[in-house]
Amino acid sequence: MIQNTELIRQAQSGDVHAFALLYEQIYRDLYRFALYTLRHEQDAEDAVSEAVTDAFAQIGSLREAGAFSAWMFRILSKKCARRIRSYRDFQEELDESIPAPQKDLEEQMDTRSAFESLPPQDRLILSLNLFAGYSSQEISDTLGMNPNTVRSRQSRALKKMQQMLGGQCDESR
């Protein structure tokens, strides 16, 4: 942690190498989060790239060195949210010669809709746990929340999604 604190101080002074070392420590987690959120490799890479560019430009505004990872995830989650909104706004006529996927698209859309209806903080907690693989303790450290609050918000969010999906989650067990 002391090493990261020093790297952050150096990055805030404009040291590109120090920022690159910090980024290197969390790149995989950032990319995994973006990929599972956006479901498209190129979009995930672009979102991470934009987040890192913004973070480097704004590193001076980071007040607490221990919050670097959480700060980066907040920036990335905003980039992902913007991309998701742009998906909904994008209208293109589909080529009917493209074969339909074998997966149940209606179920996927229902699940995505239920997920997107959750409050942003709950979506972030679920994403960090389910998509990025963080434990409730790691999420609480990242977001500066009590671990019990993280677990309770996660449980309520999953129950809300289950209700919205009409109990479909129980059928798969």
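Look above for the structure.
Residues numbered from 1 in each chain as written. Predicted model: local features only at pLDDT ≥ 70, side-chain atom pairs only at ≥ 80, totals over all residues. Heavy atoms only, no water.

Draft legend 1. View of the nonpolar core. Counting 39 residues, the largest nonpolar core has Phe33, Phe68, Trp71, Met72, Leu76 and Leu128 as its most contacted members. Counting residues per element, the ones that place at least two in this core are helix H1 (2-12), helix H2 (16-38), helix H3 (41-58), helix H4 (68-89), helix H6 (120-131) and helix H7 (136-143). When residues of this core are assigned to their parent elements, the largest contribution, nine residues, is made by H2. Not counting the four nearest positions on each side in its chain, Leu128 is found in contact with Phe33, Phe73, Gly133, Tyr134, Ile139 and Leu143. (Core = buried A, V, L, I, M, F, W, Y, C linked by side-chain atoms within 4.5 Å. Buried < 20%, exposed > 50% of the residue type's maximum accessible area, 1.4 Å probe, protein only. Helix = DSSP H or I, 4+ residues; strand = E, 2+ residues; numbered from the N terminus. Contact = heavy atoms within 4.5 Å.)

Draft legend 2. Broad picture of the environment of Phe19. Within the secondary structure, Phe19 sits in helix H2. Assessed through its relative accessible area of 5%, Phe19 is described here as buried. Between the C-alpha atoms of Phe19 and Arg9, which are 10 residues apart in sequence, the distance is 9.5 Å. With sequence-adjacent residues up to four places away left out, Phe19 is seen in contact with Ala11, Val52, Ala55, Phe56, Ile59 and Phe68.

Draft legend 3. View of H6. For H6, which comprises 12 residues, the first-to-last C-alpha distance of 15 Å matches the rise-based estimate of 16 Å (1.5 Å per residue) to within 8%. Taken together, the buried positions of H6 are Asp122, Leu124, Ile125, Leu126, Ser127 and Leu128. (Expected span 1.5 Å × (residues − 1).)

Draft legend 4. Geometry of the environment of Ala81. Structurally, the position occupied by Ala81 is in helix H4. Along the chain, Ala81 and Glu116 lie 35 residues apart, while their C-alpha atoms are 9.7 Å from each other.

Draft legend 5. Inspection of the pattern of salt bridges at higher detail. This structure, assessed with the given rule, holds eight salt bridges. Residue Asp29 is joined to Arg32 by a salt bridge in which the shortest nitrogen-to-oxygen separation is 3.5 Å. Of this pair, Asp29 and Arg32 both sit in helix H2, separated by three residues, roughly a single helical turn. Judged by relative accessible area, Arg32 falls into the partly exposed class, the value being 32%. (Salt bridge = Lys/Arg side-chain N within 4 Å of Asp/Glu carboxyl O.)

Draft legend 6. Highlighting the packing of aromatic side chains. Counted by the stated rule, this structure contains six aromatic pairs. With a centroid separation of 5.2 Å and 70° between ring planes, the pair formed by Phe19 and Phe56 is classed as edge-to-face. Taken together, the positions of Phe19 in helix H2 and Phe56 in helix H3 put the pair 37 residues apart, joining distant regions of the chain. The partly exposed category is assigned to Phe56, whose relative accessible area is 31%. The rings of Phe19, Phe56, Phe68 and Trp71 are connected pair by pair, giving a single aromatic cluster. (Phe/Tyr/Trp six-rings, centres within 6.5 Å; stacked < 30°, edge-to-face > 60°.)

Draft legend 7. How the structure looks around H7. When we look at burial in H7, the residues that qualify are Ser136, Ile139, Ser140, Thr142 and Leu143. Viewed along the axis of H7, the buried residues span an arc of 165°, placing them on a single side of the element. The positive-phi residue at the C-terminal boundary of H7 is Gly144, with phi of around 70°. (Arc of directions from axis to C-beta.)

Draft legend 8. Just the environment of Ile8, in detail. You can see Ile8 is positioned in helix H1. On the basis of relative accessible area, Ile8 is assigned to the buried category, the value being 3%. Along the chain, Ile8 and Ala65 lie 57 residues apart, while their C-alpha atoms are 6.3 Å from each other. Residue contacts for Ile8: discarding those within four places in its chain leaves Leu22, Leu62, Ala65 and Phe68.

Draft legend 9. Broad picture of the side chain of Thr37. Locating Thr37 in the fold gives a position in helix H2. Residue contacts for Thr37: discarding those within four places in its chain leaves Cys80, Ile84, Arg112, Ser127 and Phe131.

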